[in-house]
Amino acid sequence: MRQVFLDHQSATPLLPAVFEAMRPYFTEAFGNPSSLHHHGLRVRDALKQARQQMAALIRADSEEEIFFTSDGTESANLAIKGVAYANERKGKHLVISATEHPSVMNSVEFLEKQGWTCTRVGVDSEGIIRLDELQAAITPQTVLVAIHHVNHDIGAIQPIREVGRICAEKAVPLYVDCEASAGWLPVDVKEFGAALVSFSPHRFYGPKGVGVLYRNKKARLVSIIHGGVQEGGRRAGTENVPAIVGGGVAAAVAVTELDSRAKHVAELQARLWEGLRSKIRFIKLNGPEPGPKRVPTNINISTEFIEGEGQLLMLDHQGFAVASGSSCVSKSLKISHVLGAIGLDHALAQGNIIMTLGKDNTVEDVDYTVETFARIVTKLRGMSPMWDEFERGVIDSVIAPTGRGKSFSQHAADVSGKPAH
Amino acid sequence: MSDTYTLYNPTVMEHFMNPRNMGDLKDADGVGEVGAAACGDIMKISLKIKDGKIEDARFKTFGCGSAIASSSMATELIKGRTIDEALKFSNQEVVDALGGLPPVKIHCSVLAEEALKAALEDYVKKHPEAASQVGAVSAVAA
Ligand code: FES
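Residues numbered from 1 in each chain as written. Chains lettered and ligands numbered in written order. Predicted model: local features only at pLDDT ≥ 70, side-chain atom pairs only at ≥ 80, totals over all residues. Heavy atoms only, no water.

## Thoughts on the overall build of chain A
The helix and strand tally for chain A stands at 14 helices and 12 strands. The C-alpha atoms of chain A give 23 Å as radius of gyration, which agrees with the globular expectation for 421 residues (22 Å, within 12%). Taken along the three principal axes of its C-alpha coordinates, chain A extends 75 × 55 × 35 Å. Burial statistics for chain A: of 421 residues in total, 60% are counted as buried. Sequence separation of at least 24 residues holds for 70% of the intrachain contacts in chain A that already meet a minimum separation of 6. (Helix = DSSP H or I, 4+ residues; strand = E, 2+ residues; numbered from the N terminus. Rg over C-alpha atoms; globule rule 2.2 N^0.38 Å. Buried < 20%, exposed > 50% of the residue type's maximum accessible area, 1.4 Å probe, protein only. Contact = heavy atoms within 4.5 Å.)

## Re the interface of chain A and chain B
Counting from both sides, the interface comprises 36 residues of chain A and, opposite them, 33 residues of chain B. When chain A packs against chain B, close to 2,800 Å² is buried across both sides, 65% of that on carbon and sulfur atoms. Broken down residue by residue, the surface that chain A buries against chain B is led by Leu313, Leu333 and Met383 of chain A, which jointly contribute 22%. Our enumeration of links across chain A and chain B arrives at 2 salt bridges. Taken together, the connections running from chain A to chain B amount to 13 residue pairs in polar contact (both at pLDDT 80 or more). Among the secondary structure elements, those contributing two or more residues to the side of chain A that touches chain B are α9 (308-317), α11 (346-350), α12 (363-383), α13 (385-391) and α14 (408-416) of chain A. When the residues that make up the side of chain A that touches chain B are grouped by side-chain class, the tally is 15 nonpolar, 12 polar and 9 charged. (Buried area = accessible area lost by both parts, 1.4 Å probe. Salt bridge = Lys/Arg side-chain N within 4 Å of Asp/Glu carboxyl O. Polar contact = N/O pair within 3.5 Å; in protein donor to acceptor, adjacent residues only side chain to side chain. Nonpolar A, V, L, I, M, F, W, Y, C, P; charged D, E, K, R; others polar.)

## Quick word on the nonpolar core
Core analysis: the largest hydrophobic core is formed by 127 residues, its most contacted members being Phe204, Leu276 and Ile301 of chain A together with Leu47 of chain B. Element by element, the count of residues in this core is highest for helix α8 (residues 241-279) of chain A, at 14 residues. If you count residues domain by domain, this core takes at least three from each of domain 1 (16-254) and domain 2 (258-416) of chain A. Judged by nonpolar contacts, the second largest core, of 24 residues, contains Leu111, Ala146, Leu196 and Leu221 of chain A. (Core = buried A, V, L, I, M, F, W, Y, C linked by side-chain atoms within 4.5 Å. Domains from an automatic or database assignment.)

## A look at the sheet that holds strand β10 (residues 298-303) of chain A
Strands pair in a sheet through their backbones, by hydrogen bonds, and they do so in one of two ways: parallel or antiparallel. Residue and element names in this part refer to chain A. Overall, antiparallel pairing links the 3 strands, which are arranged β9-β10-β12 in an open sheet. Each having just a single partner strand, β9 (283-285) and β12 (352-356) make up the two edges of the open sheet. Direction aside, neighbouring strands of the sheet carry axes that sit 25° apart on average. Note: β9 against β10, 3 bridges, orientation antiparallel. For Lys284, the partnering residue across the bridge sits in β10 and is Ser302. (Pairing = 2+ DSSP bridges. Axes fitted to C-alpha atoms, helices over the stretch in contact; angles between N-to-C directions.)

## Describing helix α3 (residues 72-86) of chain A
Residue and element names in this part refer to chain A. Between its first and last C-alpha atoms α3 spans 20 Å; for 15 residues at 1.5 Å apiece the expected length is 21 Å, and the two agree. Among the 15 residues in α3, 13 count as buried, and that is most of the element. Of the residues that open α3, the one with a side-chain oxygen 3.3 Å from the backbone nitrogen of Thr73 is Asp71. (Expected span 1.5 Å × (residues − 1).)

## Concerning helix α2 (residues 65-78) of chain B
Residue and element names in this part refer to chain B. Across its 14 residues, α2 extends 20 Å between first and last C-alpha, which sits within 8% of the 20 Å expected from 1.5 Å per residue. Along α2, 12 of the 14 residues are buried, which leaves the element largely enclosed by surrounding structure. Every buried residue belonging to α2 is among Gly65, Ser66, Ala67, Ile68, Ala69, Ser70, Ser71, Ser72, Met73, Ala74, Thr75 and Ile78, and all of these are buried.

## Thoughts on the domain arrangement of chain A
Residue and element names in this part refer to chain A. Domain annotation of chain A identifies domain 1 (16-254) and domain 2 (258-416). Taking only C-alpha atoms, the centre of domain 1 and the centre of domain 2 are 31 Å apart. Across the contact, 28 residues belong to domain 1 and 26 residues belong to domain 2. Carbon and sulfur atoms supply 62% of the area that domain 1 and domain 2 bury against each other, a total of about 2,100 Å² over both sides. Looking only at domain 1, the three residues that lose the most surface to domain 2 are Asp153, Ile154 and Trp184, adding up to 34% of its buried area. There are 1 salt bridge connecting domain 1 and domain 2. For the salt bridge of Lys293 with Glu126, the shortest nitrogen-to-oxygen distance reads 2.7 Å. At the surface where domain 1 touches domain 2, the tally comes to 10 residue pairs in polar contact (both at pLDDT 80 or more). Put simply, the parts of the chain that give the side of domain 1 that touches domain 2 at least two residues each are α4 (102-112) and α8. Considered class by class, the residues forming the side of domain 1 that touches domain 2 number 17 nonpolar, 7 polar and 4 charged.

## Quick look at the side chain of Asp177 of chain A
Residues and elements named next belong to chain A. In this fold, Asp177 is placed in strand β6 (residues 174-177). Comment: no salt bridge for buried Asp177; closest opposite-charge side chain is Arg203, at 6.6 Å. Here the side chain of Asp177 touches Glu179 through a polar contact of 2.8 Å, landing on its backbone nitrogen. Discounting residues that sit within four places of it in the chain, Asp177 has contacts with His101, Ile147, His148, His149, Val150 and Ser198. (Lys, Arg positive; Asp, Glu negative; His and termini not counted.)

## What to know about the sheet that holds strand β3 (residues 53-62) of chain B
The strand order β1-β2-β3 (chain B) describes an open sheet built from 3 strands, whose pairing is antiparallel. Because the sheet does not close on itself, it has two edges, and the strands there are β1 (30-35) and β3 of chain B. This sheet shows a mean twist of 15° between the axes of neighbouring strands, independent of strand direction. Strand direction decides the pairing type here: β1 of chain B and strand β2 (residues 42-50) of chain B, joined by 6 bridges, are antiparallel. Note on β2 of chain B: the bridge partner recorded for Gly30 of chain B is Leu47 of chain B. Packed onto the sheet, α14 of chain A meets β1, β2 and β3 of chain B and runs at close to 110° relative to β1 of chain B. Of the strands in this sheet, β2 and β3 of chain B touch α2 of chain B, which is tilted by about 175° from β3 of chain B.

Structure (C-alpha cells):
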C-alpha cells in the first residue's frame with residue numbers, strides 16, 4: 001500500500017548520512033566521554049564537534065552554551081525547574097503562555113505545588129500571544145518567562161523578538177521552546193533575546209534520544225538530575241553518544257538545507273490547505289493562514305460533524321499517518337489545551353486532525369491526501385448523527401452557521417445531561 | 001504495514017471499518033440519543049420492535065473508533081431479543097464480544113448500552129400498552 005507520512009512533528013526518518021555518522025559510536029568508538037583514557041577522549045572530541053554543530057544551528061556564540069539531555073521534555077524540565085530553583089531567593093513567579101507544550105505546562109504545575117506562582121498569558125484566536133498581557137504579567141518576583149517559538153499544535157509563529165525585547169527591558173530571562181521550529185525556521189538566540197532555547201534533532205532527520213538545551217552563560221541554572229559531573233554539572237548521566245553525534249550531523253545538514261526545505265514544505269502546505277478547503281465543506285484551519293505567521297510544516301484542521309480519532313484510524317488504514325487533538329485520542333479524554341486556548345468550539349476540537357509535512361513529501365502525496373481525506377469525511381459524516389441532524393436543521397454549523405437549529409454544544413449537553421468540556 | 005499494527009484488536013477494527021447496522025430506521029418504534037459526558041461524543045440507536053421483540057436496530061455515532069465498533073456490535077447483539085432481555089443488556093457484553101477494549105475506551109461501550117436503553121425508554125413512552133407486558137420496563141420509564 002502507498003504510504004504517506006504526515007506526522008513529522010512526532011518523528012522524522014534518519015538521514016543516511018546521520019545513520020552513517022552514528023554507526024562507529026555503537027561499536028569501535030564505544031567509550032564513555034567521562035573516561036580519562038583514549039577511548040573516552042576520542043568520544044569527548046565527537047561530543048565537542050556535535051556541540052559546535054548544534055550551536056551553529058541556533059547561532060549561539062560558543063559550544064560551551066550547549067547541554068545535551070535525553071529529549072525535548074527533559075530540556076524543558078531542566079530549563080524551567082533549573083532556573084526556578086536557581087533563583088528561588090530572588091522570586092517565585094513564572095510567566096508562560098497558555099499554549100505551551102505539556103512538558104512546560106506540567107513542569108510549571110509541579111512547581112506551583114511547591115509554592116511557586118505562574119501567570120499564563122492568553123493568546124488570540126490564531127494562537128498568537130497577547131504581548132500587552134505578557135508585559136503586564138511580569139512582576140519584580142518573576143524569575144523566568146517561557147514562550148515557545150512555534151506552537152507544536154497549530155503552527156503559530158510567536159512574535160518572539162518582541163517577547164525578547166520585553167523580557168530584556170524587565171531583565172527577566174526568557175526560555176524559548178524551539179522544538180517545532182528548529183531545523184525548519186531560522187533560530188537565532190541573540191536576535192530572540194533568549195537566555196535558554198531547546199530543540200530536538202529527531203524533528204529534523206536526526207535520531208531520538210537526544211535533546212539540546214542552550215543556556216546563555218549569564219542565566220543561572222541548577223541541575224535537576226544529580227550524579228556525576230557531566231554537561232558542566234548541569235545534567236548528570238552518561239551522554240547518549242551515538243544520538244548526539246547523529247544529532248550534530250542532522251543540525252549541520254539542516255543549516256545548509258533549511259531554506260530549500262522550508263520552501264518545499266511551504267508550497268505543499270499551501271496546496272494541501274487549498275485542496276482541503278475546496279473539496280470539503282465545513283472545514284476550518286486552526287491557527288494562522290499559511291504565510292509568515294505559520295510554520296510551513298503544519299496544517300491543523302477541524303472538520304465539522306465528525307470526530308478526530310475515527311478520521312485518524314481511517315487515514316491510517318489507507319496508509320496515511322496523522323495526529324489529532326480530539327478528546328477521544330487523549331488518555332485524559334480532554335481536547336488539546338491549545339485548541340481550548342484559542343477558543344475553539346468543543347464540536348470543532350473533536351473533529352481535529354494535525355498533518356505535519358516533511359522534506360520527502362511530494363505534490364502527489366498532497367493531492368492523494370486531499371482526495372482520500374475527502375472520501376473519509378463523506379464516509380464518517382454518513383455515520384454521524386450530527387451530520388444528519390444538521391441537514392435536518394436540528395443543529396447548526398459552527399463554521400458556517402445557517403441560522404437553523406441549536407448549537408452542537410447545546411445539543412450535546414441536552415443528550416448527555418452535562419455540558420461538553 | 002498499517003493493518004499489522006492497529007490501535008484496536010482485529011475484531012474492533014473490523015467493526016469500525018465495516019460497521020453493521022449503520023444508519024437510521026424509517027418508522028422506528030424507539031429512538032435513543034445519548035452523549036458521553038467524558039469525551040463529548042454522541043450515539044443514536046433506533047429500534048424496530050414487534051410483539052415485544054427487537055426486530056431490527058440501527059445506529060449512528062459521532063465518536064471514536066471504539067464507540068463506532070461498540071455501536072455496531074451492540075446493535076448486532078440485541079437483534080432478536082425481547083424488551084425484557086434488552087433491558088438487562090450491559091456494556092460488558094459488547095466489550096467481551098469485541099474481544100476487549102483499552103481501559104480508557106470502556107466508556108464508549110457504556111454509551112452503546114445507554115443509547116439502547118434510551119431507545120427502549122422512548123419505545124415504552126410511545127407505547128404505554130407495552131409497559132404492562134414488560135416487567136422491568138416500569139423501572140426504566142420511571
Ligand atoms: S467516544 Fe470519545 S473516546 Fe470513545
